[in-house]
Amino acid sequence: MEMTIIPDEVTSKPPSKASHSNSGPPSLSSPPPPPTRRRRTYGSISIMSLDLMDEQELPIQKKLMTAAAAQPPPEDTECLTSDFSTFINLFKSYLGTGYLCLPQAFKFAGLWFGSVAFPIIVFVCVHCLHLLLQSSRELSRRYKFGALNYEETAQVAFLSGSPITRKMATAFSFTVRVFLVIMQLGLCCAFYQFVVSNLFQFVECQTGGTEITYLGYNGIVIIPMLAVTFIKDLKTISYISLVSAVTQLISIGVILFFCTADIGSRQLYSLPAIGDVDQIPLFFGITFFSFEGIGLVILLDNKMKHPENLGGTTGILNVGMSLIALVFFALAFYGYLHYGAQTAESITLNLPMSSKLARMVIVCMTVAVLLSFPLQLYVPVQVLMPFIVLESDTERNVTLKEYFIRCILVFSIFSLCAGIPNISIFISFVGAVSSSVLSFIFPPLIHVITFKPPDNCKGKLVIFKTVLIMTFGVLGFITGTYTSLIRISAIIKKPEAWGMLDCGYHSIQTRNSFPFSS
């Protein structure tokens with residue numbers, strides 16, 4: 001028996017427009033009947049159980065037709081999103097915390113190396129988004145599926161490939177899901193660490209110093225985090241997320257105002273063009289993390305009234321990602337150019353605490369990130385719930401178990417953040433481990449298996465491009481993970497540190513402030 005986790009909003013999603021094509025899977029003399037389905041809904045999650053006997057021995061055509069028969073009914077087109085709504089959803093989905101660490105990423109890479117490498121990474125990342133989107137659409141059209149998410153696209157691609165890939169389909173789909181969960185938990189940790197670090201600086205500077213250590217602030221933040229974690233309604237979460245995104249956009253404008261003030265030409269030449277070799281992998285990890293949203297693109301495509309407008313040279317994806325990259329680049333470039341060697345792990349920590357506007361931005365950004373935390377926790381909760389929910393559980397027991405999972409996740413995130421009190425190093429680690437795989441290794445592999453390039457010059461060029469992109473991802477994974485682990489190990493060995501906290505108009509001596517932040 002194979003258990004498939006399907007969010008409520010996905011169980012009613014429509015087939016893409018391509019799914020109405022006349023082409024389909026190879027014809028069968030007697031298609032198998034639809035599998036028996038038992039659905040159980042709890043909270044925000046549905047479990048669909050497919051009873052497949054001897055699944056591994058079924059021919060590929062029967063597996064695909066069985067999966068197609070299990071697709072949910074079409075959704076009313078009125079529920080689909082417009083092009084403008086899709087653009088807004090794309091833009092606000094990248095407003096997390098990773099982009100606030102990009103100035104320090106440029107510090108790791110050097111001003112000019114970072115300026116050259118940044119657009120290259122963005123270009124390759126967007127290209128991989130297109131590859132995955134093309135694969136998902138083609139598999140949906142070819143086998144008359146409805147909408148496919150990332151892991152479903154991976155599994156169907158492998159099932160439609162050679163006998164070797166067919167045997168690996170289930171394991172590969174599970175691997176994709178594991179990396180997606182790691183990525184989402186990393187986002188949760190980054191959100192938590194951002195709230196702690198900014199609250200620490202704000203309170204310490206406003207009060208003139210307290211006896212509370214940085215670890216103590218970690219414990220204080222867990223209270224509001226637990227409170228917002230109990231928000232389960234997706235509609236409420238979506239409204240909060242929208243307000244948070246607007247707040248962050250305004251805050252970015254204010255941060256850029258501070259970063260572009262009093263910049264002279266001397267700073268262009270005083271900063272290193274290329275950073276230390278042992279720190280450059282951290283740049284790649286943070287940049288990978290900041291542009292991780294590959295799973296979202298398929299979901300946006302599945303919900304569009306006109307999905308053909310998402311791709312293309314002047315499509316929503318290219319235009320949206322270009323604007324996002326431009327804003328992020330400006331923040332990274334001018335942030336490092338202005339603060340230089342003093343660039344902190346998050347650019348908000350460099351804002352002058354003597355300015356009321358800066359203090360307002362820090363408070364607004366901290367609250368916005370705090371309120372966005374439930375949305376980041378949604379995916380890990382979805383994945384873990386089926387392992388503890390029983391068919392005999394009452395609705396009350398299911399609710400209690402969901403609250404229990406949410407509490408366990410928050411306390412686990414607290415433990416990680418307490419042990420690694422540096423948001424940029426943590427983000428670099430998650431970006432190297434998860435984002436490099438999800439954005440640069442898996443998409444070109446899935447694309448090649450899906451389209452099977454011909455054995456000619458053009459096909460060989462496609463294979464070469466695929467190997468090149470995957471090699472880039474593997475190098476980012478290995479070097480970024482190794483370098484981040486070295487830095488994390490150094491932090492764990494010396495968790496306590498006295499330091500001077502710059503509050504603009506005065507400095508405060510603090511304990512366990514920001515060790516190894518540079």
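Computed from a predicted structure; not experimentally measured.

Chemist: Can you lay out the packing of helix α6 (residues 150-159) against helix α7 (residues 163-207) for me, pointing to particular residues and giving the numbers?
Modeler: The geometry of α6 relative to α7 is characterised by a closest axis approach of 7 Å and an angle of 165° between their N-to-C directions. As the angle between them shows, α6 and α7 are arranged roughly antiparallel. As α6 packs across α7, the resulting crossing turns out to be right-handed. In contact with Tyr-150, Glu-151, Ala-154, Gln-155, Phe-158 and Leu-159 of α6, α7 contributes Thr-165, Arg-166, Met-168, Ala-169, Thr-170, Phe-172, Ser-173, Val-176, Arg-177 and Leu-180.

Chemist: Got a sec to walk through the packing of aromatic side chains? Specific residues and values, please.
Modeler: Per the stated rule, a full pass over the model turns up 27 aromatic pairs. Taking 5.3 Å as the distance between ring centres and 70° as the angle between the ring planes, the aromatic pair formed by Phe-283 and Phe-284 counts as edge-to-face. In terms of burial, Phe-283 and Phe-284 fall into one category: buried.

Chemist: Any chance you could break down the confidence of the model for the chain for me, citing the residues and the numbers?
Modeler: Chain-level pLDDT for the chain is 79 on average; 79% of the residues reach the 70-or-more range. Across the chain, the secondary-structure element scoring lowest on mean pLDDT is strand β3 (residues 45-50), at 30, and the one scoring highest is helix α4 (residues 102-109), at 94. Confidence drops under a pLDDT of 50 for residues 1-61, and excluding neighbours within four residues, the segment shows 146 contacts in the predicted structure. Within the model, the stretch residues 513-518 combines pLDDT values under 50 with 26 contacts to residues more than four positions away or in other chains.

Chemist: Report on the environment of Ala-261, specifying residues and quantitative values.
Modeler: Checked against the element boundaries, Ala-261 lands in the loop between α9 (234-259) and α10 (266-270). Separated by 73 residues in sequence, Ala-261 and Tyr-334 place their C-alpha atoms 9.5 Å apart.

Chemist: Tell me about the nonpolar core, and please be specific about residues and values.
Modeler: Among the nonpolar cores identified, the biggest contains 129 residues, and Phe-283 and Phe-442 are the most heavily contacted of them. With 17 residues, α7 is the single largest residue contributor to this core. Apart from residues lying up to four places away in sequence, Phe-283 is in contact with Ala-105, Phe-106, Phe-108, Ala-109, Gly-114, Ala-117, Phe-118 and Ile-121.

Chemist: So, the side chain of Ser-428: which residues are in play, and what are the values?
Modeler: Relative to the elements of secondary structure, Ser-428 occurs in helix α16 (residues 423-451). Discounting chain neighbours no more than four positions away, the residues touching Ser-428 are Pro-281, Leu-282, Gly-285, Ile-286 and Ser-484.

The rules we used
Residues numbered from 1 in each chain as written. Predicted model: local features only at pLDDT ≥ 70, side-chain atom pairs only at ≥ 80, totals over all residues. Heavy atoms only, no water. Axes fitted to C-alpha atoms, helices over the stretch in contact; angles between N-to-C directions. Helix = DSSP H or I, 4+ residues; strand = E, 2+ residues; numbered from the N terminus. Parallel < 35°, antiparallel > 145°, perpendicular 65-115°, else oblique. Left-handed = near helix turned anticlockwise from the far one by under 90°. Contact = heavy atoms within 4.5 Å. Phe/Tyr/Trp six-rings, centres within 6.5 Å; stacked < 30°, edge-to-face > 60°. Buried < 20%, exposed > 50% of the residue type's maximum accessible area, 1.4 Å probe, protein only. pLDDT = per-residue confidence, 0-100. Core = buried A, V, L, I, M, F, W, Y, C linked by side-chain atoms within 4.5 Å.

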